[in-house]
Amino acid sequence: MHRLSSLPYRDRTRATRELASLAPHLPPAVQNRFDLLLAGSPAPEQGLHYFTRLREQHPAAFDRLARSAIGLRYLVTVFTYSRFLAEEILEHPDWAAQLLDPVDLQRVVSADDLRTSLEIALPPGLPPPLELAKFRRRQILRIMIRDVIGLGTLPEITGELSAVADVLVEVAYERIYQDLVAHHGKPQSEDPSKGNEAHFAVIALGKMGAQELNYSSDIDLMFLYSANGQTAGPAPISNKEFFKRASNQLTGLLSAYSAEGMCYRVDLRLRPDGRLGEVCLSVDGAQNYYEKRARDWELQMLIKARVAAGHRPTGRALLDFVEPRIYSTSLDFSAIEELSATRERLNEKLAARQANRRARPSGIDVKLERGGIRDIEFLVQCLQRLHGGAEPWVRHGGTMLALARLQDKGFLTGAEYGRLAQAYQFLRHLEHRLQLDEDRQTHRLPEDPAALELIARRMPGGGSADWLMSELHNHLADVLEMYERVVHSRPAGAVPAEPDAQAGGDHTPFVIQALERRAPALAAAIARADLHRGYRPFEYFLERLSHDPARLERLNSEPELAATALDLFEHSPYFAEELIRRPESADELARVYIPLIQDEPPPHDATELRRWFRRAILRIEAESICRSHPIFETLDSTSRLADSAIARVYEIAIADVVSTNPPEKPGYEPSNQMSIIALGRLGMREFDLASDADLVFVLPDSAASEMIFWTRVAERVVNLITAYTGEGVLFAVDTRLRPNGSAGPLVQTESAVTEYFAHAAEAWEGITYMKSLAVAGDPKRGELFLHELQQVDWRRYGQSGRSRADLRQMRARLEKEQGPSRPLKAGRGGYYDIDFLLMYLRLKSAGVFFTVLNTPARIEVLENMGHLSRQDAQFLNDAATFYRALDHGLRVITGHAESRLPGSDAQLEALNALLPRWTPIPLSDLSRIRSETRAVFDRFFG
């Protein structure tokens, strides 16, 4: 326990004593795991303290958790990151049960599921404040583990925190409404044009409106009702009075103190007329206010407004009315200057604090500091107001998504977006760590050096206090520099030039002028490349290289390397951002012809494996983009890379589980008994950048006695692949295609899987397994099992003649349900038409086991068997190549999967430039390809 040795003598003695008292109560297999978890935690002595108290106060709960590797890991997380949540577990040991069931920890829990849980927890009638506060804290416990372990992204974590608030507000209001109706009757509208019944809506503002709540946020609310009138009941009152009472009761209920603290601090000061205004306004009254009297900052504040509870149409009536007033239709920089002046005044109160703090390294307010969270949010809103009139796409309350959309439309460069997004995420993570410990609404770093060290260790990828302060100051400086440049760089009334116009012509920035002196060959290569989309990102990349003369000289002296880098920046914003974040990755571009799998075997360390995978992906995609590598060969390379990563993770997972929870049977030697089966794109050798891996875990019947051990291995495999770390993730994993889906065991025996497909599987499940491949475990055994399983599929669906009707029905359902949102795949004539046709023809091939699964290979086999004419085979091959090239292009542009054409002109232009590298079919032929694909599909299916 290396961190215990650094404690003061008295604390070290106490911690050592507590550790010794715990050891006899831990199973031998768990003791080493426990020591490692605590030693690797940010606060081992704090964790020991709470473990000791849990064992003393709740021995049964302690024993139950201590025997679960996952439960133990999650409990260490809670006890070392949050004292208030640790106290909650000691107060409510039954809450720890959710630590043993990782299902809800692995997913984003929907608002509907949260509502169901809350309704079950509440007694009938008006809810007691204690129960509301308990529900909030129990959900924070779950969300906090997802956050710290890395099971959720920042937008997912803040979205879940906001969903908890939404559900609490919604359910509390509904109970209050029912109680008021019982006394006064339902409010009726006196205006027939507004319906018979009057309604109420809760508008969320600020972080709650943006769905970006932190752990201890106030919630900013505004209350509206739809129409005047009075209630129809035994004691009638006016609608205004009815909804005023509802508003006051809701505010009081949410902010009431209880033994679990208050649920939320409710802030109503952002309503019309602030503290002096009515607590609840009619929609007509609110519209009149925002039309005639609202100040400019009040309009800007509504960018984040959202209907969070109550009657949605009532809330939308106001938000739709004010939206055109929020966004300017001209690019008038005088407006942003005025807002900037307002922002400067907001920061004046920090000046005195900063002057007094100059000699101290801490005490920074991460929200209000110049370059902090508020500056980022303010800058984003200014840009939204400037450009949102002409480009509605950039109108969104969430900061992260708004940043992405501003970059998407060219109002931020890729480099500007990357710096702002990184700074915002860093600052929000820091804000969360500050608030998690004691559930306090604080944004200020502690001044105590030990407390600052603890916060630094709790950060993602954390280190020392010096590291934290260095990172923080760098991010603050980046934001402030960009704020000044974006807001103040142009005179009032100036219209910003289009990005392409700025990239060419006489635009010769200082960076390029300096480059002509330091790296003249590279400067000449930039001039020859005539960059447009990639100019600004490459400029920022050069800024990063200004501190790395060796790499700059390598780009200057190796023309092929420079040409590859310039080509990649021009055609892939995603990889441009990757190179800007990690300039050392440019070294990989000199070796794009050499697969990293051959050059360097996958490392045995999980962190190093993620770095290895990222470098390999860059090589593969650079060859695809810059060397026009055939699309299906690129997909095969990516699939083999994923196979290698999964196989190595499998070995790491076995070693990890053996060390913490060895097999029950003495002498049992786990090696490769369990097969990992890939389905979907990985199974058919068409895995791509940002693809999900559909994985199924199958165990021989002879190893069924060690099912618990192998289930732990499978869980560890999934966790290692998907864990979000400072090095990113390998890729997403989906295990829901196993028999019985999420309700079925994660690991199943071969006989159980075969039995399921012989008798219980739906048609779509059986057909899905026609695209499967064993990617880890014993390859011969895996292939034999899949051969037998596909024989079962053929007997049920091919031999019986059911496949044609089943596949036709499945395809029609997908087209109806997914076609509108995923037209390139699921829409009429999309890629699924080709895929379903090939599956149908394969099922006609009695007993033939396909070991080669990608689309061109399937087409060739089916043509050779006489199921496809030469003409049909050629068309299907060309169409499949076109669709995969289109999908691949969208992925290398955006970094994620897309199933429809982009709405951005800039992205469409980039896509048009990429497609000819992989297919002779232009994007303008998309509708023809869809029509002809559907014609072939209909000819076979009728």
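Residues numbered from 1 in each chain as written. Predicted model: local features only at pLDDT ≥ 70, side-chain atom pairs only at ≥ 80, totals over all residues. Heavy atoms only, no water.

(A) Structural view of the pattern of salt bridges. This model, assessed by the stated rule, comprises 70 salt bridges. Between Lys240 and Glu278 there is a salt bridge, and its shortest N-O distance comes to 3.4 Å. Residue Lys240 is found in helix H11 (residues 239-255), and its partner Glu278 is found in the loop between strand S5 (266-267) and strand S6 (280-282); the two are separated by 38 residues along the sequence. Residue classification places Lys240 among the partly exposed positions, given a relative accessible area of 38%. We note a salt bridge from Arg884 to Glu686, for which the minimum N-O separation is 2.7 Å. Residue Arg884 is found in helix H39 (residues 870-894), and its partner Glu686 is found in the loop between helix H31 (680-683) and strand S9 (692-699); the two are separated by 198 residues along the sequence. Among the residues examined, Arg884 registers a relative accessible area of 5% and is labelled buried. Taking the relative accessible area as the measure of exposure, Glu686 reaches 0% and is therefore buried. (Salt bridge = Lys/Arg side-chain N within 4 Å of Asp/Glu carboxyl O. Helix = DSSP H or I, 4+ residues; strand = E, 2+ residues; numbered from the N terminus. Buried < 20%, exposed > 50% of the residue type's maximum accessible area, 1.4 Å probe, protein only.)

(B) Quick look at the packing of helix H6 (residues 83-91) against helix H8 (residues 129-149). Closest axis-to-axis distance for the H6/H8 pair is 11 Å, and the angle between their directions is 120°. By the criterion of interaxial angle, the relationship of H6 to H8 is oblique. Judged by the twist between their axes, the crossing of H6 over H8 is left-handed. Facing H6, whose interface residues are Phe84, Leu85, Glu88 and Ile89, H8 presents Arg137, Ile140, Leu141 and Met144. (Axes fitted to C-alpha atoms, helices over the stretch in contact; angles between N-to-C directions. Parallel < 35°, antiparallel > 145°, perpendicular 65-115°, else oblique. Left-handed = near helix turned anticlockwise from the far one by under 90°. Contact = heavy atoms within 4.5 Å.)

(C) Region of interest: helix H32 (residues 707-722). The terminal C-alpha atoms of H32, which comprises 16 residues, lie 22 Å apart, in line with the 22 Å expected from a rise of 1.5 Å per residue. All buried positions along H32 are accounted for by Phe709, Trp710, Thr711, Val713, Ala714, Val717, Val718, Asn719, Leu720 and Ile721. (Expected span 1.5 Å × (residues − 1).)

(D) Region of interest: the environment of Trp918. Of note, Trp918 is situated in the loop between helix H40 (905-914) and helix H41 (926-941). Linking Trp918 and Ile625, residues 293 residues apart in sequence, is a C-alpha distance of 8.8 Å. When sequence neighbours within four positions are dropped, the list of residues in contact with Trp918 reads Ser624, Ile625, Ser628, His629, Ile631, Thr881, Ala885, His888, Gly889 and Val892. Polar side-chain contacts of Trp918 include one of 2.9 Å to the backbone oxygen of Ser624. (Polar contact = N/O pair within 3.5 Å; in protein donor to acceptor, adjacent residues only side chain to side chain.)

(E) Inspection of the pairing of strand S3 (residues 219-225) at higher detail. With seven of its seven residues buried, S3 lies for the most part within the structure. Of the two faces of S3, both are covered, the one formed by Ile219, Leu221, Phe223 and Tyr225 as well as the one formed by Asp220, Met222 and Leu224. Here strand S2 (residues 200-205) runs beside S3; their pairing, made up of six bridges, is antiparallel. Looking across to S3, one finds that Ile203 is bridged to Met222. With two bridges connecting them, S3 and S5 associate as parallel partners. Bridging from a neighbouring strand, Ile219 pairs with Val266 of S5. Taken together, the three bridges between S3 and S6 define a ladder with parallel strand orientation. Of the residues in S6, the one forming a bridge with Tyr225 is Ser282. (Pairing = 2+ DSSP bridges.)

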